[in-house]
Amino acid sequence: MKKNEFYFNLPESLIAQIPIKDRTQSRLMVMDRNSNDIKHDVFDQIVEHLNPGDCLVLNNTKVIPARLFSTLSNGATIEFLLLKQIDLHRWEVLIKPGRKVKVGMTFRFGEGELECIIESDNMDGVWIVRFMYEEKFEDIIEQLGTVPLPPYIKTPLEDISRYNTVYAKYDGSVAAPTAGLHFTNELLQKVQNKGVHIAYLTLHVGIGTFRPVKVEDILEHKMHAEFYVLDFENAEIINNSKNKGGRIIAVGTTSVRTLECISDEQGQLKAQNGWTDIFIFPGYDFKIVDGIITNFHLPESTLIMLVSAFGNTDRILRAYRTAVEEGYRFFSFGDAMLII
């Protein structure tokens, strides 16, 4: 299966640079994956497309200020992007520009509240560093770090809280689960008032968000592992909904990947945590997910491959071409799509 099978032409003008004022007023494309019927709506009408007994599954991870900057004696700036915590002091990081960094070098952040030493250059441009500090690490990065926006967003974000969902709870992501950005607490209450169940899981979004598929044969692509948690209470909510005939509707590809990773062949879940590097592409047999709420994704990305696996590649690309023709906004701050 070739990467170019997931290509579509996307005008740069359709890449959303800022979030709209009201989260719920994004446009919503509703696609029936069986008939390929497409409807156009507004996201605050999502309730009308859900049935009593359905279950929305939301990823409650929270984006951390994972981008740190160190200034060298010659005035040059080195950027560190926290990716994955290994232990109390060691992290996997991306470093830019990496050509100026060598194993054994030390770097200082802020006024010296935080320092690090480069321990090793890992594969694929990922470095392992050891941080030295006296105060609580989370407090230090809250003070010194900045939230890492995707590279295609060129406009500074005035309100950084808009790059987290209203239900974000657990620190750990370097990118937001953006399908959830459309919800407000009031809209979630309307969903519940209709009799739709809401369940939460956690998947800390990692480096895969920033890494394109570089190989032509997508079977050779390797996903980076991300940490997930599903507790007993939320596993029971999902299982009960499924067993009573409700649809399991995953909000975002991160929720899809987590659910499919931990579901058994009967579509049942157990409370657990761990690491997943599941890669979903056409040919995959879904075990538990019955619907997906998602944003519009990059051409040739693992994300469009996932939704193509769920909704059929030809039909998804046809829907994407329609989205381009209709002027939908793409990517993190863009519009939404419901595939059912």
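Our structure's up above, just so we're on the same page.
The rules behind the values
Residues numbered from 1 in each chain as written. Predicted model: local features only at pLDDT ≥ 70, side-chain atom pairs only at ≥ 80, totals over all residues. Heavy atoms only, no water. Helix = DSSP H or I, 4+ residues; strand = E, 2+ residues; numbered from the N terminus. Polar contact = N/O pair within 3.5 Å; in protein donor to acceptor, adjacent residues only side chain to side chain. Buried < 20%, exposed > 50% of the residue type's maximum accessible area, 1.4 Å probe, protein only. Contact = heavy atoms within 4.5 Å. Pairing = 2+ DSSP bridges. Axes fitted to C-alpha atoms, helices over the stretch in contact; angles between N-to-C directions. Core = buried A, V, L, I, M, F, W, Y, C linked by side-chain atoms within 4.5 Å. Patch = residues over 30% accessible without salt bridge, like charges linked within 9 Å, V, L, I, M, F, W, Y side chains within 5 Å. Areas by Shrake-Rupley, 256 points an atom, 1.4 Å probe, with all protein chains shown as cover. Salt bridge = Lys/Arg side-chain N within 4 Å of Asp/Glu carboxyl O. Lys, Arg positive; Asp, Glu negative; His and termini not counted. Charge placed at Lys NZ, Arg CZ, Asp CG, Glu CD. Phe/Tyr/Trp six-rings, centres within 6.5 Å; stacked < 30°, edge-to-face > 60°. Lys NZ or Arg CZ within 6 Å of the ring centre and 35° of its normal.

Trainee: It is not clear to me how the side chain of Ser301 should be interpreted in this structure. Could you clarify?
Mentor: With respect to the element layout, Ser301 can be found in the loop between strand 16 (291-295) and helix 5 (302-311). Of note is the side chain of Ser301, whose polar atom sits 2.7 Å from the backbone oxygen of Leu298.

Trainee: Which parts of the structure should I look at to understand helix 4 (residues 253-262)?
Mentor: Given 3.6 residues per turn, any residue in an α-helix points the same way as the ones three and four places further on. With respect to burial, helix 4 is a largely interior element, 9 of its 10 residues being buried. Among the residues of helix 4, those classed as buried are Thr253, Thr254, Ser255, Val256, Arg257, Thr258, Leu259, Glu260 and Ile262.

Trainee: Explain the environment of His40 to me, please; I cannot follow it from the model alone.
Mentor: Mapped onto the fold, His40 is located in strand 2 (residues 38-42). Considered as a pair, His40 and Met29 are 11 residues apart in the sequence and their alpha carbons are 4.8 Å apart. For His40, the contacting residues outside a window of four places in its chain are Leu28, Met29, Thr322, Glu326 and Tyr328. Here the side chain of His40 touches Tyr328 through a polar contact of 2.6 Å, side chain to side chain.

Trainee: Looking at this structure, I do not really get the sheet that holds strand 14 (residues 248-251). What am I missing?
Mentor: Strand pairs in the sheet, formed through backbone hydrogen bonds, run parallel or antiparallel to each other. Overall, mixed pairing links the 9 strands, which are arranged 2-1-17-16-14-3-12-13-15 in an open sheet. If you trace the sheet from one side to the other, it starts and ends with strand 2 and strand 15 (272-276), each paired once. Recorded for the sheet is a direction-independent mean angle of 25 degrees between the axes of neighbouring strands. Relative to strand 15, strand 13 (residues 226-230) runs antiparallel, the two being bridged by 5 bridges. Counted as the bridge partner of Val229 is Asn273 from strand 15. Here helix 2 (residues 185-193) sits on the sheet in contact with strand 3 (55-59) and strand 12 (197-203), set at roughly 130 degrees to strand 12. Of the strands in this sheet, strand 3, strand 12, strand 13 and strand 14 touch helix 3 (residues 232-243), which is tilted by about 130 degrees from strand 12.

Trainee: I would appreciate a short explanation of the nonpolar core in the present structure.
Mentor: Nonpolar side chains in soluble globular proteins tend to be buried together. Grouped together as the largest cluster of nonpolar side chains are 61 residues, with contacts concentrated most on Tyr163, Ile238, Leu259, Val289, Tyr320, Phe330 and Met337. Among the elements that take part in this core, helix 5 stands out by supplying 6 residues, more than any other. Those residues in contact with Met337 that sit more than four places away from it in its chain are Leu28, Met29, Met31, Ile292, Ile293, Thr294, Phe296, Ile316, Ala319 and Tyr320. Counting 28 residues, the second largest nonpolar core, distinct from the first, contains Ile78, Phe80, Phe131 and Ile140.

Trainee: What am I meant to see in a negative patch on the surface here?
Mentor: Together, Glu134, Glu135, Glu138, Asp139, Glu142 and Asp171 make up a region of like negative charge exposed at the surface. With 3 residues, the single largest contributor to the negative patch is helix 1 (residues 137-144). Position of Glu138 among the secondary structure elements: in helix 1. What makes Glu138 partly exposed here is its relative accessible area of 41%.

Trainee: Would you mind going over unusual backbone geometry with me for this structure?
Mentor: Residues other than glycine predominantly adopt negative phi, and peptide bonds predominantly adopt the trans conformation. Residue Pro97 is bonded to the preceding Lys96 through a cis peptide linkage, with omega at -5 degrees. Along the chain, Pro97 turns up in the loop between strand 7 (90-96) and strand 8 (106-109). Located in the positive-phi region is Phe331, a residue other than glycine, with phi close to 75 degrees. Tracing the backbone shows Phe331 in the loop between helix 6 (313-325) and strand 17 (336-339). For Phe331, a relative accessible area of 5% corresponds to the buried category.

Trainee: Hey, could you run me through the packing of aromatic side chains in this one?
Mentor: Within a pair of aromatic rings, the relevant descriptors are the distance that separates the centres and the angle that separates the planes. Inspection of the entire model under this criterion finds 21 aromatic pairs. Between Phe109 and Phe131, the ring centres sit 6.2 Å apart and the planes meet at 50 degrees, which makes this aromatic pair tilted. Remark: Phe131 occurs in strand 10 (residues 126-133) and Phe109 occurs in strand 8; sequence separation between them is 22 residues. Residue Phe109 shares its accessibility class with Phe131, and that shared class is buried. On the numbers, 5.9 Å between centres and 70 degrees between planes, the contact of Tyr320 with Phe330 is edge-to-face. Placement of the pair is Tyr320 in helix 6 and Phe330 in the loop between helix 6 and strand 17, with a sequence separation of 10 residues. There is no split in this pair, since Tyr320 and Phe330 are both buried. Among the aromatic side chains, those forming a connected cluster through ring pairs are Phe8, Tyr152, Phe296, Tyr320, Tyr328, Phe330 and Phe331. Directly above the aromatic system of Trp275 lies the positively charged group of Lys84, at a separation of 4.7 Å from the ring centroid.

Trainee: What should I look at first to understand the environment of Gly98 in this one?
Mentor: Of note, Gly98 is situated in the loop between strand 7 and strand 8. As a C-alpha pair, Gly98 and Lys62 span 36 residues in sequence and 27 Å in three-dimensional space.

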